[in-house]
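# Geometric and topological summary
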Protein chains: 2
Amino acid sequence: MIKIVGIGPRREDMTLSALKALEESDVVIGYGSYTRKIIDLLDGKEVISKGMGQEVDRAEIAIKYSKKGYQVVIISSGDPGVYGMANVIYQLMGKYSQVEVEVIPGVTAVNYSAALLGSPLHDFAVISLSDILTPLSEIKRKVIAAAEADFIISFYNPRSKRRTEPLKEALKILRNIRSPQTPVGLVKTSDKGSEISIVSLQDLDEEEVDMNTTLLVGNSFTYVDEGKMITPRGYMIPHSTHPLADEFYQKYLAGEGIKGSNNVCEYYPCHNHPQNCTFCYCPFYPCGDPSTGGYWIKEKQVWSCEGCTWIHQDDTVKCIEGKLPQLLGKVEDLQDKKKELLKLRRECVYLTK
Amino acid sequence: MIKIVGIGPRREDMTLSALKALEESDVVIGYGSYTRKIIDLLDGKEVISKGMGQEVDRAEIAIKYSKKGYQVVIISSGDPGVYGMANVIYQLMGKYSQVEVEVIPGVTAVNYSAALLGSPLHDFAVISLSDILTPLSEIKRKVIAAAEADFIISFYNPRSKRRTEPLKEALKILRNIRSPQTPVGLVKTSDKGSEISIVSLQDLDEEEVDMNTTLLVGNSFTYVDEGKMITPRGYMIPHSTHPLADEFYQKYLAGEGIKGSNNVCEYYPCHNHPQNCTFCYCPFYPCGDPSTGGYWIKEKQVWSCEGCTWIHQDDTVKCIEGKLPQLLGKVEDLQDKKKELLKLRRECVYLTK
């Protein structure tokens, strides 16, 4: 039996299954820097360390030992199914019959990095920038697709001393498609631990990136707060509506609302001229999404819309008005249908940003 | 301090960090079915179980306890950063100051499912099909992008009794873009364990899919062998070239090769008529990639090209000839530049499939 075991990014991220597989093994095969990490677990076992780039050798040795009846463990850092040894073994397995293989999953770099950075993930794409086995044209096609569809993107193997072009190309694509302010997290991991930094897409210095770095590019909603990279999923934050907002939507629903700029209002323009006042009170308050300019006043735990003018753009109003009548039948729906309203908001943010 | 802890898909996939965080905690908050799984680890702790859909409540309770000085653990199954509690906590954190939070990453469903299915991953996209917080238009846009760029796609929360439309739409998109033979892995996990099945995209019955299923859609290279779903990364399989192939490429490099159909050959057409014989001997042999029709004869450990006619298509020959002169200067390059040759093959497979 061959077990392909992910030992995770750090010793403490190893799973109970991985530990058990190592305990039960006779032979442990892996890249030297991985076997050294867990040397205290390898007492009395045959340890075969092979260098990088000798993946097929390692796999052939594992198959040979397994056929002799040994319990063999091949170790990968992170998860063995993500650019690790699982693909190599299975690709070679086609040549042989009667070799039993089991994959023991582990914590992979995207999850590890996300945990250190805060909570940057929503729908995400994982792309290896190594062009050793993959043509650059294919890598670029994937980066374009992921960038355009606003996936969070995690780049593995982003850059080595000799392999600098794929990252250069990826950044060129991202800078063409995504906002220059998009937060990018860098997690550099060595034996001494992990260092994190968060920069904007425009400020990212590719020279800072090496083979031990995992990159995480945010989506349109990702923001940075107190040094953490956060992508809100759009949860509803409990809140009662303001009496003046209730009154405003009574009128709105009775067809007596404001249309366009409300020049006669004593506060006009409360944000900027010309502003569309159709939704003087935002139907999504509090959205909790800083991507349009709002923020929490922490001392008061109050959501401030001071920096957000999105709701007062003509195209925003048009998008919202297209679907609002289906959701808002009575004032109470501002609370009762908040989830649906926040979804409509998200849809319109994408159409109008 | 609040620790947001991923307990993995199964008990044995829990990490050492997760165990330690639970040990050191005073209060453990989580969905009932998660806390029940680890009830033996919760002795002497205050356990607060909340139902699904009460994410914000759970987060507010955690913050409250943490402010009182308790060590609080919030548990998520899998990894808390992937559609788990990390985003909720961080989104709410904006309201408060001086709350310390740490995320303990875990094995998420895509890695767990991949391990059970074989080694299906290469570059991949993770998409939640839940349209509770995300507009369907956004989900569809992401599925189209991932399908077109040939990502492996993992769908989380694919279908519930009431939420059937997103999966229907996703499958419609996939069936429009991807080959009907694309392998799709289904991993259904319950308290009793996990059940796996692998079907083709055309045969996938959406009624088989529920909330506890993770779906994994292969890319153009994914194949099924002995019940395992495998995506080859394109590793070079050691092999010496055949003397007749050496002779063939001597002539090819001397400009005395065959062009187009070799009607005078006694074996013509060895595959089908009209076949292009320019690469009578395949310069990529053995590619180890069944996606064009080749396969291993296991008893002999020999790669058979019998089912592959790809190398004999005119457009394939044209694509290869465009770049081969840069790689192949002498016959030995068939071995020495095999990695580069396999990359060229991959590029041409994408252009001609």
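Residues numbered from 1 in each chain as written. Chains lettered and ligands numbered in written order. Predicted model: local features only at pLDDT ≥ 70, side-chain atom pairs only at ≥ 80, totals over all residues. Heavy atoms only, no water.

## A few points about the relation of the copies chain B and chain A
For the match of chain B to chain A, the screw axis carries a shift of 0.0 Å, the RMSD comes to 0.0 Å, and the turn is 180°. Accordingly, the operation relating the two chain copies is best matched by a two-fold axis. The fraction of interface residues of chain B whose copies in chain A are also interface residues reaches 99%, indicating that both copies meet through the same surface. (Least-squares fit on C-alpha atoms with pLDDT ≥ 70 in both. Contact = heavy atoms within 4.5 Å.)

## Describing helix α4 (residues 85-93) of chain A
The element α4 of chain A is extensively covered by neighbouring structure, given that 9 of its 9 residues are classed as buried. The complete set of buried residues in α4 of chain A reads Met 85, Ala 86, Asn 87, Val 88, Ile 89, Tyr 90, Gln 91, Leu 92 and Met 93 of chain A. (Buried < 20%, exposed > 50% of the residue type's maximum accessible area, 1.4 Å probe, protein only. Helix = DSSP H or I, 4+ residues; strand = E, 2+ residues; numbered from the N terminus.)

## Brief notes about the interface of chain B and chain A
Taken together, the contact pairs 82 residues of chain B with 81 residues of chain A. Approximately 7,900 Å² of surface area, both sides summed, lies buried where chain B meets chain A, with 58% of it carried by carbon and sulfur atoms. Among the residues chain B hides against chain A, the three largest losses belong to Gln 91, Leu 133 and Tyr 235 of chain B. Together they make up 11% of the total. Asp 123 of chain A is paired through a salt bridge with Lys 142 of chain B; the nearest N and O atoms lie 3.0 Å apart. Connecting chain B to chain A are 29 residue pairs in polar contact (both at pLDDT 80 or more). Here the side of chain B that touches chain A gets 7 residues from one element, more than from any other, and that element is helix α4 (residues 85-93) of chain B. Among the residues making up the side of chain B that touches chain A, the classes are represented as 39 nonpolar, 21 polar and 22 charged. (Buried area = accessible area lost by both parts, 1.4 Å probe. Salt bridge = Lys/Arg side-chain N within 4 Å of Asp/Glu carboxyl O. Polar contact = N/O pair within 3.5 Å; in protein donor to acceptor, adjacent residues only side chain to side chain. Nonpolar A, V, L, I, M, F, W, Y, C, P; charged D, E, K, R; others polar.)

## Section: the confidence of the model for chain A
With 99% of its residues at a pLDDT of 70 or more, chain A shows a mean pLDDT of 94. The ipTM for the predicted assembly is 0.96, set against a pTM of 0.96. (pLDDT = per-residue confidence, 0-100.)

## Comments concerning the state of the cysteines
The full count for this structure, using the stated rule, is 2 disulfides over all chains. With a sulfur-sulfur separation of 2.1 Å, Cys 319 of chain A is cross-linked through a disulfide to Cys 348 of chain A. When the S-S torsion is -85°, as for the bridge of Cys 319 of chain A with Cys 348 of chain A, the disulfide is left-handed. Here the residue Cys 319 of chain A occupies a position in helix α9 (residues 314-327), and Cys 348 of chain A occupies one in helix α11 (residues 338-352), the gap between them amounting to 29 residues. Like Cys 348 of chain A, Cys 319 of chain A is buried. Among the cysteines around Cys 277 of chain A, which has no disulfide bond, Cys 270 of chain A carries the closest sulfur, lying 6.3 Å off. With a relative accessible area of 7%, Cys 277 of chain A lands in the buried category. Not engaged in a disulfide, the cysteine Cys 282 of chain B finds its nearest cysteine sulfur in Cys 305 of chain B; these two sulfurs lie 6.0 Å apart. The exposure class assigned to Cys 282 of chain B is partly exposed, which follows from its relative accessible area of 25%. (Disulfide = S-S within 2.5 Å.)

## Let's talk about the packing of aromatic side chains
Within a pair of aromatic rings, the relevant descriptors are the distance that separates the centres and the angle that separates the planes. Enumeration over the complete set of coordinates arrives at 21 aromatic pairs over all chains. Ring geometry for Phe 284 of chain A and Trp 310 of chain A: centres 6.3 Å apart, planes at 40°, overall tilted. Of this pair, Phe 284 of chain A sits in the loop between α8 (243-253) and β14 (295-297) while Trp 310 of chain A is found in the loop between β15 (302-304) and α9, placing the two residues 26 residues apart along the sequence. In terms of burial, Phe 284 of chain A and Trp 310 of chain A fall into one category: buried. Seen from their ring centres, Tyr 83 of chain B and Tyr 156 of chain B are 5.4 Å apart, and the 65° between their planes marks the pair as edge-to-face. In this pair, Tyr 83 of chain B is assigned in the loop between β4 (72-76) and α4 and Tyr 156 of chain B in strand β8 (residues 152-156), connecting sequence segments 73 residues apart. The exposure class of Tyr 83 of chain B is buried, given its relative accessible area of 12%. The exposure class of Tyr 156 of chain B is buried, given its relative accessible area of 8%. For the cation-ring pair, Lys 68 of chain A lies above Tyr 65 of chain A, with the distance from its terminal atom to the ring centre recorded as 5.3 Å. (Phe/Tyr/Trp six-rings, centres within 6.5 Å; stacked < 30°, edge-to-face > 60°. Lys NZ or Arg CZ within 6 Å of the ring centre and 35° of its normal.)

## Here's the deal with empty space enclosed by the protein
All names here are of chain A. For the structure shown, the criterion picks out 5 cavities of 30 Å³ or more. As a volume, the largest cavity reaches approximately 140 Å³. Lining the largest cavity are 13 residues; nearest its centre among them are Gly 234, Asp 289, Leu 342, Arg 345 and Arg 346. With 4 residues, α11 is the single largest residue contributor to the lining of the largest cavity. (1 Å grid on protein atoms, 1.4 Å probe; cavity = no way out; pocket = protein on both sides within 12 Å on 5 of 7 lines; lining within 4 Å. Points joined across faces, edges and corners; volume = space filled by probe spheres on them.)

## Description of the pattern of salt bridges
A complete count under the given rule lists 41 salt bridges over all chains for this structure. Its salt-bridge partner being Glu 24 of chain A, residue Lys 3 of chain A comes within 3.7 Å of it at the nearest N-O pair. In this pair, Lys 3 of chain A is assigned in strand β1 (residues 2-6) and Glu 24 of chain A in the loop between α1 (16-23) and β2 (27-31), connecting sequence segments 21 residues apart. For Glu 24 of chain A, a relative accessible area of 41% corresponds to the partly exposed category. Between Arg 10 of chain B and Glu 12 of chain B there is a salt bridge, and its shortest N-O distance comes to 3.8 Å. Residue Glu 12 of chain B is classed as partly exposed on the basis of its relative accessible area, which comes to 35%. What emerges from the salt-bridge pattern is a single network uniting Asp 123 and Arg 346 of chain A together with Glu 138 and Lys 142 of chain B.

## Details of the pairing of β1 of chain A
Residue and element names in this part refer to chain A. β1 sits mainly inside the fold: 5 of its 5 residues count as buried. Burial along β1 is two-sided: Ile 2, Ile 4 and Gly 6 facing one way and Lys 3 and Val 5 facing the other are all buried. Pairing of β1 with strand β5 (residues 101-104), which is carried by 4 bridges, proceeds in the parallel orientation. Bridge assignment links Ile 4 to a residue of β5, and that residue is Val 103. (Pairing = 2+ DSSP bridges.)

## Digging into helix α9 (residues 314-327) of chain B
Residue and element names in this part refer to chain B. With 14 residues, α9 should reach 20 Å at 1.5 Å per residue; the first-to-last C-alpha distance of 20 Å fits that figure. The sharpest bend along α9 reaches about 35° and sits at Glu 321, with the proline Pro 325 one to four residues further on. Burial in α9 covers these residues: Thr 316, Val 317, Cys 319, Ile 320, Leu 324 and Leu 327. Tucked inside the fold, the buried residues of α9 contact α8 (243-253), α10 (333-336) and α11 (338-352). (Expected span 1.5 Å × (residues − 1). Bend = angle between axes of the 7 residues up to and from the residue.)

## Topic: the side chain of Thr 292 of chain A
Residues and elements named next belong to chain A. For Thr 292, the location among the structural elements is in the loop between α8 and β14. At a separation of 3.0 Å, a polar atom in the side chain of Thr 292 contacts the side chain of Arg 345. Leave out the neighbours within four places in its chain, and Thr 292 touches Gly 307, Cys 308, Thr 309, Trp 310, Arg 345 and Val 349.

## A short note on the pairing of β2 of chain A
The side chains of a regular strand alternate, first on one face of the sheet and then on the other. Residue and element names in this part refer to chain A. Counted residue by residue, β2 has 4 buried out of 5 residues, so it is predominantly covered. Pairing analysis gives 5 bridges linking β2 to strand β3 (residues 46-50), with the strands arranged parallel. Bridge pairing links Val 27 to Glu 46 in β3. Crossover handedness for the path β2 to helix α2 (residues 32-37) to β3: right-handed. Note that β2 and strand β4 (residues 72-76) share 3 bridges and pair parallel. For Ile 29, the partnering residue across the bridge sits in β4 and is Ile 74. (Right-handed = clockwise from strand over helix to strand, strands pointing away.)

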